[in-house]
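One-letter residues, chain by chain:
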Amino acid sequence: MTDQPHHKNCEGDSSLRMPHAALDMRSRQLKGLKIERLLDLENLPKPLRVLEVGTGSGGIAHYFGTHPRMRCIVDAVDVYDNRLVLDGYHYQQVMGTVLPFENDSFDVVVTNHVIEHVGDEQAQRHHLSELHRVLRTGGIGYIAVPNRWMLIEPHFRLAFLSWMPRSWRTPYLHLMRKGKRYDCEPLQLSQLENFLAQAGFGYENISIDAMRTTIEIEHSQSFVLNVLRNLPDRVWVPLLNVMPTLIYRFWPQ
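Residues numbered from 1 in each chain as written. Predicted model: local features only at pLDDT ≥ 70, side-chain atom pairs only at ≥ 80, totals over all residues. Heavy atoms only, no water.

## Examining the packing of aromatic side chains
Applying the stated criterion to the full structure yields seven aromatic pairs. Between phenylalanine 160 and tryptophan 163, the aromatic rings sit 4.9 Å apart at their centres with planes inclined by 80 degrees, giving edge-to-face as the arrangement. Judged by relative accessible area, which is 40%, phenylalanine 160 ranks as partly exposed. Taking relative accessible area as the criterion, tryptophan 163 reaches 37% and is therefore assigned partly exposed. Consider the rings of tyrosine 203 and tyrosine 248, whose centres lie 5.8 Å apart with planes at 70 degrees: the pair is edge-to-face. (Phe/Tyr/Trp six-rings, centres within 6.5 Å; stacked < 30°, edge-to-face > 60°. Buried < 20%, exposed > 50% of the residue type's maximum accessible area, 1.4 Å probe, protein only.)

Laid out in structure tokens, this is it:
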């Protein structure tokens, strides 16, 4: 997501958090295909009402809104307007984590690298509670978030940045001349699962499936990566806590 402002009571000063939008349109289209496969959207009844929270470039919303086989009615929101493609979906700019939609409005919700940008723990929990409010019974959601225990922090490209106590992260950025303020809150696996459960969701960790799907879509010609893709689950399951990205599908309980 282009990121959301740090706030209390789910509102606040957007100047405290800066956009971190992914603006490579090809990568957004491939991410849309990945989400489609991981959620098995092609086999759900149509039309699908889809919400993308933190649309950034608009690429994922555009992918679903202009899909050649699936009929999707797509809404997208963000706190900054960094869109590069405008057609295929309806866009609203928002403040904080409150979503401007009625209860039970959507069949599918997508929050892709958003929750680490919305603010503190209170804001992160509210982000999930709003997704629960607007997602219909029988609906499905997708969430991806950087793992706090990833080796290289993806926004600032620094090793061990997110491993440090929160008060050390900004000084480390200054020391390495990589930025002025660390404004992200990556989660660890148990923390994310706790947040999802307390928001009223059932969930499934699909990080291994996501890794395999990414290789299949983006790196099908790589011999080494395809060897890794075909390793059995028993090799990957012990590594779930340290996978760079935590990816889940979730649904209302």
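What follows continues from the structure just given.
## Notes on the nonpolar core
If you look at the biggest cluster of nonpolar residues, it comprises 36 residues, and the most contacted ones within it are Leu51, Leu99, Val109, Leu128, Leu131, Leu192 and Phe250. Sorting the residues of this core by element identifies strand S1 (48-53), strand S4 (106-112), helix H3 (121-134), strand S5 (135-146), helix H5 (189-198), helix H6 (207-218) and strand S9 (245-252) as the ones contributing at least two each. With residues near it in sequence (within four places) discarded, leucine 51 still touches Asp75, Ala76, Leu99, Phe101, Phe106, Val108, Val109, Val110 and Val134. In this structure, Ile35, Leu39, Cys72 and Ala76 belong to the second largest nonpolar core, which totals 24 residues. (Core = buried A, V, L, I, M, F, W, Y, C linked by side-chain atoms within 4.5 Å. Helix = DSSP H or I, 4+ residues; strand = E, 2+ residues; numbered from the N terminus. Contact = heavy atoms within 4.5 Å.)

## Some remarks on the confidence of the model for the protein chain
Of the residues in the protein chain, 91% reach a pLDDT of 70 or more, and the chain-wide mean stands at 91. Across residues 1-16 the pLDDT falls below 50, and counting only partners more than four positions away or on other chains, this stretch makes 61 contacts in the model. (pLDDT = per-residue confidence, 0-100.)

## Examining the environment of glutamate 36
With respect to the element layout, glutamate 36 can be found in helix H1 (residues 25-38). For the pair glutamate 36 and tryptophan 236, spaced 200 residues apart in sequence, the C-alpha separation works out to 23 Å. Discounting chain neighbours no more than four positions away, the residues touching glutamate 36 are Leu41, Glu42, Tyr63, Phe64, His67, Arg69 and Met70.

## Comments concerning the sheet that holds S9
Read from one edge of the open sheet, seven strands run S3-S2-S1-S4-S5-S9-S8, paired in mixed fashion. Lying at the two open borders of the sheet, with one neighbouring strand each, are strand S3 (90-93) and strand S8 (201-205). Adjacent strand axes in the sheet meet at a mean angle of 20 degrees when their direction is disregarded. Note: S5 against S9, six bridges, orientation antiparallel. If you follow valine 145 over to S9, its bridge partner there is leucine 246. Sitting on the sheet, H1 touches S4, S5 and S9, and the angle it makes with S5 is about 130 degrees. Sheet contacts for H6: S8 and S9; angle to S9, the most-contacted strand, approximately 115 degrees. (Pairing = 2+ DSSP bridges. Axes fitted to C-alpha atoms, helices over the stretch in contact; angles between N-to-C directions.)

## Observations regarding the pattern of salt bridges
By the definition in use, this model includes eleven salt bridges. For arginine 249, the salt bridge goes to glutamate 204, with nearest N and O atoms at 2.9 Å. Of this pair, arginine 249 sits in strand S9 while glutamate 204 sits in strand S8; the two residues are 45 residues apart in sequence, bridging distant segments of the chain. Three or more residues are tied together by salt bridges with common partners; here these are Glu36, Glu42 and Arg69. (Salt bridge = Lys/Arg side-chain N within 4 Å of Asp/Glu carboxyl O.)

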